[in-house]
Amino acid sequence: MPRDTYSKRSLGTLSRRLKESRVLLVGAGGIGCELLKNLLLSGFGEIHIIDLDTIDLSNLNRQFLFRFEHIKKSKALVAKEVAQKFQPSARLEAYHANIKDSRFNVDWFATFDVVFNALDNLEARRHVNRMCLAADVPLIESGTTGFNGQVQVIKKGQTECYDCNSKEVPKSFPVCTIRSTPSQPIHCIVWAKSYLLPELFGTSEDETPELDNTEDASNADEIANLRKEAQALKEIRESMGSPEFAQKVFAKVFKEDIDRLRGLEDMWKDRKAPEPLDFKKLQSEAASIEPTISCNDQKVWSLAEDFVVFKDSLDRLRDRLKTLLDATKSGVKPILVFDKDDVDTLDFVTASANLRATIFGIEAKSKFDTKQMAGNIIPAIATTNAITAGLCVLQALKVLKDDYAHAKMIFLERSGARAISSDSLKPPNPNCPVCSVAQGRVKIDPERATINDLVQDILRLQLGYGEEFSVSTELGTIYDPDLEDNLNKKLSEMGVNNESLITVIDEEDEQPRVNLELVVLTEKPEPSIEKQKPIALVKVPEIPRKPRAPTPAASEQANGTSDLNQRKRNAEEAGLSNGDDRAKRVASVSVADGDGSNPIVLDETQGGAILIDD
């Protein structure tokens with residue numbers, strides 16, 4: 001019997017619909033591998049797979065389509081090659097690319113019958129959510145965290161979208177904690193990964209734009225100190241290759257910097273002062289220890305063993321960088337970056353973090369634990385991925401039947417009486433700045449259209465906006481009443497190009513309009529039309545007013561629904577909280593200015609913090 005015999009009996013006439021369907025799978029990782037297999041065996045006829053990532057050793061325990069010989073190859077391309085054997089008659093297309101690339105525009109999304117999200121990246125999830133809403137294509141969102149998981153059906157105008165409920169803010173630590181007063185192992189690990197490794201083998205802080213602006217005086221002082229120390233490390237970096245290189249690095253970060261901190265006596269009135277390390281003493285204690293100790297990743301190394309691994313990994317990284325420099329013919333200097341599956345960088349971060357932890361009296365961690373913490377790894381359970389992928393296909397069957405009344409929001413929970421629980425889909429949040437928006441399209445001449453053309457000719461004259469509104473792109477706010485310096489800038493100079501999304505936020509006090517989202521289409525006018533305007537609406541959109549705020553009595557009555565929303569938020573992966581992005585403002589510097597760099601973004605939200613989440 002053919003492989004699809006039983007599925008045809010179960011699905012009936014729907015089996016033909018599946019065979020004729022065209023679906024997009026975004027992500028070919030833990031959920032993606034399981035989902036691709038399920039889609040093929042269920043009879044889906046055409047599947048497009050997109051993933052930017054390559055296969056790592058740590059993927060093999062749960063991403064069953066991949067084998068050892070596939071390491072460093074494209075996930076999407078390998079997944080297509082291996083999964084094609086499950087259903088040779090199905091059409092598979094694979095893209096080793098970023099879903100945010102301009103070629104994957106709204107019109108491209110509109111060619112699919114349903115889109116599946118199998119991502120572990122919040123920013124990409126939000127992007128796919130917005131594109132599916134703009135293209136009016138149903139999206140099946142999914143995610144897992146350990147034993148927990150969730151599946152959500154998203155349909156424009158009928159259900160909540162991914163951003164209808166706010167997400168938790170990613171965990172971050174102030175610069176002063178990382179640089180001066182660490183109290184947890186993660187503080188030391190982040191210091192080694194995000195500061196010391198880049199300073200020696202990557203991009204120095206001396207060569208990067210200023211850290212986030214902050215009014216916090218303690219952070220400002222620490223950022224100034226960081227600059228000074230970066231300059232000193234830059235001088236040490238220039239001695240790379242000399243026999244004294246390791247000793248210079250050690251003396252700088254584990255002796256001189258610590259002595260400077262000890263000199264700040266007020267800082268240590270209520271806590272134990274750090275104790276610097278002595279290079280010669282540790283060298284004597286470590287004389288009989290072999291560098292192979294680094295292979296024992298489950299053991300917490302002793303101080304002497306950390307010293308040995310530090311020196312050995314420093315030498316390995318130095319030799320790698322020198323080899324890259326010798327092989328480089330272009331003017332771009334090669335750099336080394338941290339990778340949780342790169343033994344050399346992981347050894348360096350583990351040993352450096354443990355040496356620093358010893359200085360501050362903090363518990364040291366094994367190489368295995370450091371890999372999890374530095375790689376920001378949440379344990380992945382293969383069974384959870386498999387169950388979640390199966391639930392995605394079950395919801396897709398309802399979507400293809402246009403049966404949204406029976407589609408569900410589904411949760412996997414390890415605790416509780418039931419492992420799988422569900423609830424009916426909720427209507428869109430009327431205040432959601434993503435799905436409760438008006439949408440339109442605007443054509444621009446990229447060589448002439450300015451921000452002033454958009455503000456005056458389109459928003460004020462044609463759409464009737466008042467004085468209080470702002471205009472933003474993915475880079476941040478390009479116009480508001482206090483940011484008029486950009487008015488004469490061309491839209492193309494501010495990063496606006498074909499298929500860019502422009503968001504207009506009405507800020508009037510009395511019942512403002514919902515947000516307006518404009519998709520940009522770049523089009524040069526014909527030479528024969530001399531007086532054609534540089535910007536024009538394809539069609540005038542309807543922009544309704546936001547609903548009035550509920551009365552206190554109505555708010556109390558609605559409190560019964562808050563438990564579900566809280567539960568939903570807890571089930572989702574942590575991510576940036578949603579908002580109108582007013583904190584990001586693009587200064588009046590164009591992309592075309594100077595060296596062609598991107599517009600300067602002043603991010604006022606983090607207060608001088610170093611983000612742990614990549």
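Labelled according to an unreviewed UniProt entry, the protein chain appears under the name Ubiquitin-activating enzyme E1-like, originating from Petromyces alliaceus. What UniProt states about the protein chain under its Pathway (unreviewed entry) heading is, verbatim, "Protein modification; protein sumoylation." Comment text from UniProt for the protein chain, heading Subcellular location (unreviewed entry), reads "Nucleus".

*Asks:* Looking at this structure, how should I read helix 10 (residues 245-262)?
*Replies:* Residue pairs three or four apart in sequence face the same way in an α-helix, which turns once every 3.6 residues. With 18 residues, helix 10 ought to run about 26 Å at 1.5 Å a step, and its terminal C-alpha atoms sit 25 Å apart, in line with that. The largest bend in helix 10 amounts to roughly 35° and is located at K252. Residues of helix 10 that are buried: F245, A246, V249, F250, K252, V253, F254, D257, I258 and L261.

*Asks:* I would appreciate a short explanation of a negative patch on the surface in the present structure.
*Replies:* A cluster of acidic side chains, namely E468, D482, E484, D485, E508, D509 and E510, defines a negative patch on the protein surface. Structurally, D482 is set in the loop between strand 12 (476-479) and strand 13 (501-506). For D482, a relative accessible area of 69% gives the class exposed.

*Asks:* Looking at this model, I keep getting lost on the pattern of salt bridges. Mind explaining?
*Replies:* Oppositely charged side chains are able to pair whenever their charged atoms sit close together. Across all of its chains, the model carries 30 salt bridges by this definition. Between E93 and R91 there is a salt bridge, with its nearest N and O atoms 3.5 Å apart. We classify E93 as partly exposed; its relative accessible area is 26%. On the basis of relative accessibility, which here comes to 44%, the residue R91 falls in the partly exposed class. Taking the shortest distance from any N to any O, the salt bridge between D347 and R316 comes out at 3.0 Å. One end of the pair, D347, is in helix 13 (residues 343-359); the other, R316, is in helix 12 (residues 303-327), with 31 residues separating them in the sequence. Among the charged side chains, a network of salt bridges with common partners joins D312, R316, R320, D342, D344, D347 and K367.

*Asks:* Help me out: how do you make sense of the packing of helix 3 (residues 30-42) against helix 15 (residues 382-400) in this one?
*Replies:* A packed helix pair is summarised by two numbers, namely the angle formed by the two axes and the spacing between the axes. Where helix 3 contacts helix 15, the two axes come as close as 8 Å, and the packing angle between them is 45°. In terms of orientation, helix 3 and helix 15 fall into the oblique class. When the axes of helix 3 and helix 15 are compared, the crossing they make is right-handed. Between helix 3 and helix 15, the contacting residues are G30, I31, E34, L35, N38, L39 and S42 on the first element and N385, A386, T388, A389, G390, C392 and V393 on the second.

*Asks:* Explanation requested: helix 15 in the structure shown.
*Replies:* End to end, helix 15 covers 27 Å across 19 residues, agreeing with the expected 27 Å (1.5 Å per residue, within 8%). Taken residue by residue, helix 15 has T384, N385, T388, A389, L391, C392, V393, Q395, A396, L397, V399 and L400 as its buried positions. D402, located one to two residues past helix 15, shows a positive phi value of around 60°.

*Asks:* Please explain the side chain of K155 as it appears in this structure.
*Replies:* Residue position: K155 is located in the loop between strand 6 (148-154) and strand 7 (172-174). Not counting residues up to four positions away in its chain, the partners in contact with K155 are D136, P138 and Y404.

*Asks:* I would appreciate a short explanation of the confidence of the model for the protein chain in the present structure.
*Replies:* Detail in the predicted coordinates should be disregarded across regions flagged by low pLDDT. Across the protein chain, pLDDT averages 82, with 80% of residues at or above 70. Scored below 50 in pLDDT, residues 592-610 shows 50 contacts in the model against residues more than four places distant or in partner chains.

*Asks:* Please explain the sheet that holds strand 9 (residues 420-424) as it appears in this structure.
*Replies:* Backbone hydrogen bonds hold the strands of a sheet together, and the pairing may be parallel or antiparallel. The mixed open sheet is built from eight strands, whose spatial order is 3-2-1-4-5-6-8-9. Looking at strand neighbours, the two that pair on one side only are strand 3 (91-95) and strand 9, the edges of this open sheet. Strand after strand, the sheet turns through a mean of 15° between neighbouring axes, direction not considered. Bridge count between strand 1 (residues 22-26) and strand 4 (residues 114-117): four bridges; the pairing is parallel. From the neighbouring strand, V23 faces strand 4, where its bridge partner is V114.

*Asks:* Before we go on, may I ask you to explain unusual backbone geometry in this structure?
*Replies:* Apart from glycine, the bulk of residues carry a negative phi angle, and the bulk of peptide bonds sit in the trans form. Of note in this structure, D402 is not a glycine but carries a positive phi near 60°. Locating D402 in the fold gives a position in the loop between helix 15 and strand 8 (408-412). Phi angles above zero are rare outside glycine, and Q511 is one such case at about 40°. Position of Q511 relative to the elements: it lies in the loop between strand 13 and strand 14 (516-522).

Conventions used here
Residues numbered from 1 in each chain as written. Predicted model: local features only at pLDDT ≥ 70, side-chain atom pairs only at ≥ 80, totals over all residues. Heavy atoms only, no water. UniProt positions renumbered as here; feature names shortened; annotations may be inferred. Helix = DSSP H or I, 4+ residues; strand = E, 2+ residues; numbered from the N terminus. Expected span 1.5 Å × (residues − 1). Bend = angle between axes of the 7 residues up to and from the residue. Buried < 20%, exposed > 50% of the residue type's maximum accessible area, 1.4 Å probe, protein only. Patch = residues over 30% accessible without salt bridge, like charges linked within 9 Å, V, L, I, M, F, W, Y side chains within 5 Å. Areas by Shrake-Rupley, 256 points an atom, 1.4 Å probe, with all protein chains shown as cover. Salt bridge = Lys/Arg side-chain N within 4 Å of Asp/Glu carboxyl O. Lys, Arg positive; Asp, Glu negative; His and termini not counted. Charge placed at Lys NZ, Arg CZ, Asp CG, Glu CD. Axes fitted to C-alpha atoms, helices over the stretch in contact; angles between N-to-C directions. Parallel < 35°, antiparallel > 145°, perpendicular 65-115°, else oblique. Left-handed = near helix turned anticlockwise from the far one by under 90°. Contact = heavy atoms within 4.5 Å. pLDDT = per-residue confidence, 0-100. Pairing = 2+ DSSP bridges.

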